[in-house]
Amino acid sequence: MMVNRNNYDVNATPLFQVLTEDQIEAIYYAALSVLYETGVRVYDKEGVDVAHAGGAIVEETTERSSLVKVPHYMVDKARATVPSKVVVIGPDRQYKMELYKNQIYYGGGSDTPFTIDPYTGQRRRSTYNDVKNFARIGQALPNYDFHMSLGITQDTAVGTYDRWQYLAMLEGISKPINITAVDIEGVRDQLEMAYIRVGGKEEWKKGPIFSLYIEPVSPLSHSQEVIQKLLFCCDNDIPFVYTPCPLAGATAPTTLAGLLVQALAESLFGIVLSQLRKPGSQLIIGGLMSNMDMLSTIYCYGSPEMALLSAGYTDITKWLRVPEYETAGCSDAKIFDEQSAMEGAINIATAGLIGGNMIHDVGYLDSGLTSSMEQMVASNEVIDMIKRILRGIPVTPETMALDVMEQVGPGGHFMEHDHTYERFKTEIWRPQLIDRQNWENWNMAGAKRYGERVHERVIEILETETEPLLEDAMFKEMRRICELADARHKSEELDMKMFV
Amino acid sequence: MSQILEQIATGIIKGDLQGVPQLVQKALDEGLDAQQIVQNGLIVGMGEVGKRFKVGEMFIPEVLLSAKTMHSGQELLRPLLAESGAAHYGKILMGTVKGDLHDIGKNLVGMMCEGAGFDVIDLGFDLEPEVFIEGIKTHQPDIVGMSALLTTTMRAMGHTIKAMEEAGLRDKVKVMVGGAPVDADFADRIGADGYGHNAVSGADTAKKLLGTG
């Protein structure tokens, strides 16, 4: 019998939802009130002028800043031109990130002062070589889609580390990168380096190979550096992440809905300003949102609130139709251990299930102070599992397999059936580092813990020789930009070795 | 007599912002010495708060309320203590260095120091070395505390200490530093006198530098 069952096998992806549409709207209109009545403090004259010219109210102007209040209609206008899709590609065009509703991409986190040495296990300050090696790990992991430095080059000049950091990343990875910059000069230098990498400005227009990470300060404060970076990105067609990092109980209300309202108000200001500067400017909003631990005062990367807030915010950005910056694969553990695996797994799951777009901080430990290759490798496998869960259970005559059941009959088995032979590899997930042997075989193979197998994989990747990603001439040209930057800023450095 | 001092200490632990100043006044009216009220009332109370916080029985918002309560009690006694030339509780000048807008950590240290009895002058954030220098000249603190969240702005700590040396002020103050990317090693390298790895440790370090902790 033919029955019209049009879309019965769609919606196979399991859905996770934190906020209803009504709740999202309540938060949105509350954020509009915050922007209009409380306002945001802007520490850049040019930014204030752009907002003012667009209709904002400017009050309480001091030498350094003004209070800017944004009427609702300015947000509506900005929403009309802000892109619902942002694309960042890898320099060889082999990798592509298309950021829009429900498209999930996982990647690293940036600028960790410390790192866990992969050979000694020691926690120490990170170096140029570490940044390069973290990039190489990222290149080797199939579920790692974009990169952030997972270190700071602290054996280079400090004030211009961002250029060296970018160079180190380009040496190790050809996936899209989310960079940081000291200031707009740092962005400009890295843009020059990117032009060299892709072959010029016109090539960049065909697909930017980095986005810039910009972080306003909560609550409701937009520094000069932040605003200048935003304006520079708009003027130069650089997509950017505009994300506050509010802390429940410290720099945001302790009640989570209040934090979401504040975070949204902070991000919306970025949207308003960018669209005023250049309609169609590409940004990704979001945040690292979490609670302050009220005993240790740390910023919690592994807490249930962090996972919940990020997911709730994703619901909001899906409704807004703006690409989103999410957070996962991170932990407050100081080393890669049971805690880091557990916290990372939970937030990876919630981020994937909610459909976060640019899900960053894979590999982050110690509340964002320390990077770990083991955390990256373990997270890669967790992401793989989550992706399997997200494939859901399609319900079709073929997948219900009534005819197969009929053939096998009560008491039979399916192991030799054609249906199993044809489907088992695509239907069922297979682990890489997760162990499924029986006890005897596991024991004979060395009775290894999961952490040991992850560690072995890290070393394996580091010691596998790969083709250099940069030709010598190109590398030298880019290094020259770094050296020139160092020379220009030499007087700002301390006349002593700061670290290492 | 000691009953009222006990009540003051308990009031501090409970964060009784209204009640403690009243009790302090009552203690004065009953003829108790200001210094005694501070030592055996206020400081005993805060000491207990510190103990409970360290074992996880009290939390930051509660500690801050207790600190605020102690501070309100202390304000009443300040003129009397100044008159009698009693022990100086220490003045600390705090700020986030140039290029850095992050101040929640600094604010927390400041509040903890107030709770420890210090006079805290907070100069704000994004401060040029010159601002610290002016602050030292104006307020004559015992300790200068500098904070930074960004690795790039840590350099400003070194520059500020150098500026203090050039202004001939370095030996007039103790310098302590803190913030997420800072560590004891860096503090040593730039010639700071102390390093606080978190807010509580910052207040403890301040006490040590003053010789009272």
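Computed from a prediction, not measured in an experiment: that's the story for all the values here. (Residues numbered from 1 in each chain as written. Chains lettered and ligands numbered in written order. Predicted model: local features only at pLDDT ≥ 70, side-chain atom pairs only at ≥ 80, totals over all residues. Heavy atoms only, no water.)

### Topic: the overall build of chain B
Defined as follows: Note on conventions: DSSP H or I runs of at least 4 residues are helices, E runs of at least 2 residues are strands, and numbering of each starts at the N terminus. Computation of the radius of gyration draws on C-alpha atoms alone. For the globule rule, the value is 2.2 Å times the number of residues to the power 0.38.
Along chain B, the regular secondary structure elements total nine helices and five strands. Secondary structure elements of chain B occur, N-terminal to C-terminal, as α-α-α-α-β-α-β-α-β-α-β-α-β-α. Computed over its C-alpha atoms, the radius of gyration of chain B comes to 18 Å, within 12% of the 17 Å expected for a compact globule of 213 residues. C-alpha extents for chain B along the principal axes are approximately 55 × 40 × 25 Å.

### A word on the sheet that holds strand E1 (residues 91-96) of chain B
All names here are of chain B. Note the threshold: Pairing between two strands is assigned when DSSP locates at least 2 bridges connecting them. Between N-to-C directions, angles cover 0 to 180 degrees, with each direction set by a line fitted to C-alpha atoms, over the stretch in contact for helices.
Ordered in space as E2-E1-E3-E4-E5, the five strands form an open sheet in which the pairing is parallel. Only two strands of the sheet have a single neighbouring strand rather than two, namely strand E2 (119-122) and strand E5 (194-196). Strand-to-strand, the axes of this sheet are offset by a mean angle of 25 degrees, without reference to chain direction. Relative to strand E3 (residues 143-147), E1 is paired through five bridges, and the arrangement is parallel. Bridge pairing links Thr96 to Ser147 in E3.

### Quick notes on the sheet that holds strand E18 (residues 364-365) of chain A
Strand order across the open sheet formed by four strands is E8-E7-E19-E18 (chain A), with mixed pairing between neighbours. Two strands lie at the open edges of the sheet, namely strand E8 (123-125) and E18 of chain A, each paired on one side alone.

### Section: the side chain of A:Thr153
Residue and element names in this part refer to chain A. How we decide: A 3.5 Å cut-off defines polar contacts: any pair of N or O atoms within that distance qualifies, except that in protein one atom must be a possible hydrogen donor and the other a possible acceptor, and neighbouring residues in sequence count only when both atoms are side-chain atoms. Contacts are assigned to residue pairs that have any heavy atoms within 4.5 Å of one another.
In this structure, Thr153 sits in the loop between helix H4 (128-140) and helix H5 (161-172). One polar contact links the side chain of Thr153 to the main-chain carbonyl oxygen of Tyr161, over a distance of 3.4 Å. Filtering out sequence-adjacent residues up to four positions away, Thr153 remains in contact with Ser126, Thr127, Tyr128, Val131, Tyr161, Trp164 and Gln165.

### Concerning the environment of A:Val158
Its place among the elements puts A:Val158 in the loop between H4 and H5. Leave out the neighbours within four places in its chain, and A:Val158 touches A:Glu493, A:Met498, A:Phe499, B:Thr151, B:Thr152 and B:Arg155.

### Side note on the packing of helix H1 (residues 2-14) of chain B against helix H2 (residues 19-29) of chain B
All names here are of chain B. Note the cut-off: Working rule for angles: under 35 degrees goes down as roughly parallel, over 145 as roughly antiparallel, 65 to 115 as roughly perpendicular, anything else as oblique. For any pair of crossing helices, the crossing counts as left-handed if the nearer helix is rotated counterclockwise from the farther one by less than a right angle, and right-handed if it is rotated clockwise. Under the scheme applied, nonpolar residues are Ala, Val, Leu, Ile, Met, Phe, Trp, Tyr, Cys and Pro; charged residues are Asp, Glu, Lys and Arg; polar residues are all the others, including Gly.
Here H1 crosses H2 at 165 degrees, and the two axes come no closer than 9 Å. Judged by the inter-axis angle, H1 sits roughly antiparallel to H2. The way H1 lies across H2 gives a crossing that is left-handed. Together, Ile4, Gln7, Ile8, Gly11 and Ile12 of H1 and Val20, Leu23, Val24, Lys26 and Ala27 of H2 make up the contact between the two elements. In the contact of H1 with H2, the residues fall into seven nonpolar, two polar and one charged.

### Section: the interface of chain A and chain B
What counts, and what does not: For salt bridges, the criterion is a side-chain nitrogen of Lys or Arg within 4 Å of an Asp or Glu carboxyl oxygen.
Listed by partner, the interface residues are 32 residues for chain A and 27 residues for chain B. Summed over the shared surface of chain A and chain B, the number is four salt bridges. Here A:Arg64 makes a salt bridge to B:Asp126, at a shortest N to O gap of 3.7 Å. Across the contact surface, chain A and chain B share eight residue pairs in polar contact (both at pLDDT 80 or more).

### A look at the nonpolar core
To be explicit about the condition: To define a nonpolar core, start from buried Ala, Val, Leu, Ile, Met, Phe, Trp, Tyr and Cys residues and group those joined through side-chain atoms within 4.5 Å. When a residue's accessible area, from a 1.4 Å probe over protein chains only, is under 20% of the maximum for its type it is buried; when over 50% it is exposed; and in between it is partly exposed.
A:Tyr106, A:Tyr166, A:Leu268 and B:Ile8 are the most contacted members of the largest nonpolar core, which totals 173 residues. For this core, the element with the highest residue contribution is helix H9 (residues 256-277) of chain A, accounting for 11 residues. Apart from the residues lying within four places of it in its own chain, the contact partners of A:Leu268 are A:Tyr28, A:Ala31, A:Leu32, A:Leu35, A:Val75 and A:Leu320. Listed in part, the 29 residues of the second largest apolar core include A:Phe499, B:Met157, B:Ala163 and B:Met164.

### Points about the domain arrangement of chain B
Residues and elements named next belong to chain B. Selection rule: Note that the domain bounds reflect an automated or database-derived domain assignment.
According to the domain assignment, chain B contains domain 1 (3-84) and domain 2 (91-209). Domain 1 and domain 2 are separated by 27 Å when their C-alpha centres are compared. Counting from both sides, the interface comprises 11 residues of domain 1 and, opposite them, 10 residues of domain 2. Counting every contact that joins domain 1 to domain 2 gives two salt bridges. For Lys54, the salt bridge is made with Asp204, and the minimal N-O distance between the two is 3.6 Å. For the side of domain 1 that touches domain 2, the secondary-structure elements that each account for two or more residues are helix H3 (34-54) and helix H4 (60-84). Top element by residues in the side of domain 1 that touches domain 2 is H4. It accounts for eight residues. Looking at the side of domain 1 that touches domain 2 residue by residue, the class counts come to seven nonpolar, two polar and two charged.

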